[in-house]
Amino acid sequence: MDYVLHEVLEVQEMAAFKTNCLTKSKTMRALVADEKLKRIMEQDVQVSTRQLEEFSAILSKAKQS
């Protein structure tokens, strides 16, 4: 599948945002005392990591085109 430039830029922008979210969740998780909030943040880390892997795959395909 061929991607046009604006699509690639959108994916890069989403990946940058998700990277910031992931960094914040990982950092703040260590400072949180509430166990429920820690679990939510851990879920966010897992979801963000999976999403970044998907974005990476999309960007790799776009480079090959």
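Residues numbered from 1 in each chain as written. Predicted model: local features only at pLDDT ≥ 70, side-chain atom pairs only at ≥ 80, totals over all residues. Heavy atoms only, no water.

S.K.: Explanation requested: the nonpolar core in the structure shown.
M.R.: It is characteristic of soluble globular proteins that their nonpolar side chains tend to be buried jointly. One finds Val11, Ala15, Leu22, Val45, Leu52 and Phe55 forming the largest nonpolar core, which totals six residues. Those elements that provide at least two residues to this core are helix H1 (5-29) and helix H2 (35-64). Not counting chain neighbours up to four residues away, the residues in contact with Ala15 comprise Leu52 and Phe55. (Core = buried A, V, L, I, M, F, W, Y, C linked by side-chain atoms within 4.5 Å. Buried < 20%, exposed > 50% of the residue type's maximum accessible area, 1.4 Å probe, protein only. Helix = DSSP H or I, 4+ residues; strand = E, 2+ residues; numbered from the N terminus. Contact = heavy atoms within 4.5 Å.)

S.K.: Help me understand the pattern of salt bridges in this model?
M.R.: Under the defined criterion, the tally for this structure stands at one salt bridge. The residue Arg29 makes a salt bridge to Glu42 at a minimum N-O spacing of 2.4 Å. Taken together, the positions of Arg29 in helix H1 and Glu42 in helix H2 put the pair 13 residues apart, joining distant regions of the chain. (Salt bridge = Lys/Arg side-chain N within 4 Å of Asp/Glu carboxyl O.)

S.K.: When you look at H2 in this model, what are you seeing that I'm missing?
M.R.: An α-helix turns once per 3.6 residues; consequently, residues spaced three or four apart project the same way. The end-to-end C-alpha distance of H2 is 44 Å, a good match for the 44 Å that 30 residues give at a rise of 1.5 Å each. If you check which residues of H2 are buried, you get Met41, Val45, Ser48, Leu52, Phe55 and Ala62. Tucked inside the fold, the buried residues of H2 contact H1. (Expected span 1.5 Å × (residues − 1).)

S.K.: Please clarify how H1 should be interpreted in this entry.
M.R.: Here H1 is 25 residues long and its end C-alpha atoms lie 36 Å apart, about the 36 Å a rise of 1.5 Å per residue gives. Looking at H1, one finds that the buried residues are Val8, Val11, Ala15, Lys18, Leu22 and Ser25.

S.K.: How should I be thinking about the side chain of Lys18 in this particular structure?
M.R.: Counting through the fold element by element, Lys18 comes out in helix H1. With residues near it in sequence (within four places) discarded, Lys18 still touches Asp44, Ser48, Gln51, Leu52 and Phe55.

S.K.: What is the right way to read the environment of Ser65 from this model?
M.R.: In this fold, Ser65 is placed in the segment after H2. Sequence separation between Ser65 and Thr19 is 46 residues, and the spatial gap between their C-alpha atoms is 25 Å.

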